[in-house]
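# What the coordinates show
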Amino acid sequence: MENGMVHLYWGDGKGKTTAAMGLALRALGHGQRVVILQFLKGSPSGEVPLLEKLGAVVIRSRPGQKFVFQMSEAEKAAARQEQTENLCAAMAAPADLLLLDEACAAWQLDMVDRALLQKAVLEKPPRQELVLTGRTPADWMLARADYSTEMCCRRHPYDKGTSAREGVEF
């Protein structure tokens, strides 16, 4: 690749992480090095073991982590430190494609060192493809994105009380 670009999958609709993981799978299929950082996600998800088996480096939160709104200030500080360390590790790993899943939420909720996240995006290696996902991107993310795809929810089974389903939502 001559010139890596920034991809942004955002909005309130389903499919942001799914689209990003599909791009990671495509890159792996072409022999590219893929690093995936999942901010604020620690629960098991079906795609992770397969992507790792195919050679992706996947960095996630520790299992059992609470949602941010459930955390005490001390827990938030510890989680913020963990997310920042995870971002440092992801940035240090050689990657043709770096996927920062839920980067928008990490920024919005102040759960990562914001200067470091901006550096990861705005100063990415020239040939690296970089993918960001999340509901509400910061203005600077929207401005930097070469690809900006908004996922818009029109209907979702959650609205009728259907829980997340294995193999579909996780």
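Anything mentioned here points back to the structure above.
All values reported here derive from a predicted model rather than from experimental measurement. (Residues numbered from 1 in each chain as written. Predicted model: local features only at pLDDT ≥ 70, side-chain atom pairs only at ≥ 80, totals over all residues. Heavy atoms only, no water.)

Right, let's get into the overall build of the protein. A tally of regular secondary structure across the protein gives six helices and six strands. Starting at the N terminus and walking to the C terminus, you meet the elements of the protein as β-α-β-α-β-α-β-α-α-β-α-β. What you see for the protein is a C-alpha radius of gyration of 15 Å, in line with the 15 Å of a compact globule of 170 residues. The C-alpha extent of the protein, read off along each of the three principal axes, is 45 × 35 × 35 Å. Across the 170 residues that make up the protein, the buried fraction comes to 45%. Long-range contacts, defined here as pairs at least 24 residues apart, represent 71% of the contacts in the protein between residues at least 6 apart. Just so you have it, the protein exposes about 9400 Å², and 52% of that area is on carbon and sulfur atoms. Across the protein, the mean location of the 21 positive side-chain charges is 4 Å away from that of the 21 negative side-chain charges. (Helix = DSSP H or I, 4+ residues; strand = E, 2+ residues; numbered from the N terminus. Rg over C-alpha atoms; globule rule 2.2 N^0.38 Å. Buried < 20%, exposed > 50% of the residue type's maximum accessible area, 1.4 Å probe, protein only. Contact = heavy atoms within 4.5 Å. Areas by Shrake-Rupley, 256 points an atom, 1.4 Å probe, with all protein chains shown as cover. Lys, Arg positive; Asp, Glu negative; His and termini not counted. Charge placed at Lys NZ, Arg CZ, Asp CG, Glu CD.)

Turning our attention to the nonpolar core. Grouped together as the largest cluster of nonpolar side chains are 28 residues, with contacts concentrated most on Phe 39, Leu 87, Leu 100, Leu 117, Leu 132 and Met 141. Within the residue set of this core, elements represented by two or more residues are strand E1 (6-10), strand E2 (34-38), helix H3 (73-92), strand E4 (97-101), helix H4 (103-108), helix H5 (114-122), strand E5 (129-134) and helix H6 (139-144). Those residues in contact with Met 141, other than ones at most four positions away along the chain, are Leu 8, Ala 103, Cys 104, Trp 107, Leu 117 and Leu 132. Counting 17 residues, the second largest nonpolar core, distinct from the first, contains Leu 23, Ile 36, Val 48 and Leu 51. (Core = buried A, V, L, I, M, F, W, Y, C linked by side-chain atoms within 4.5 Å.)

With that settled, consider the layout of surface pockets. Any empty space left between the atoms is revealed when a probe the size of a water molecule rolls over them. In this structure, the largest pocket occupies an estimated 1500 Å³ of space. Lining the largest pocket are 44 residues, and of these Thr 17, Lys 41, Glu 102, Tyr 158 and Glu 169 lie nearest its centre. Elements supplying a minimum of two residues to the lining of the largest pocket: helix H1 (16-29), helix H2 (47-53) and H4. The element best represented in the lining of the largest pocket is H1, accounting for six residues. (1 Å grid on protein atoms, 1.4 Å probe; cavity = no way out; pocket = protein on both sides within 12 Å on 5 of 7 lines; lining within 4 Å. Points joined across faces, edges and corners; volume = space filled by probe spheres on them.)

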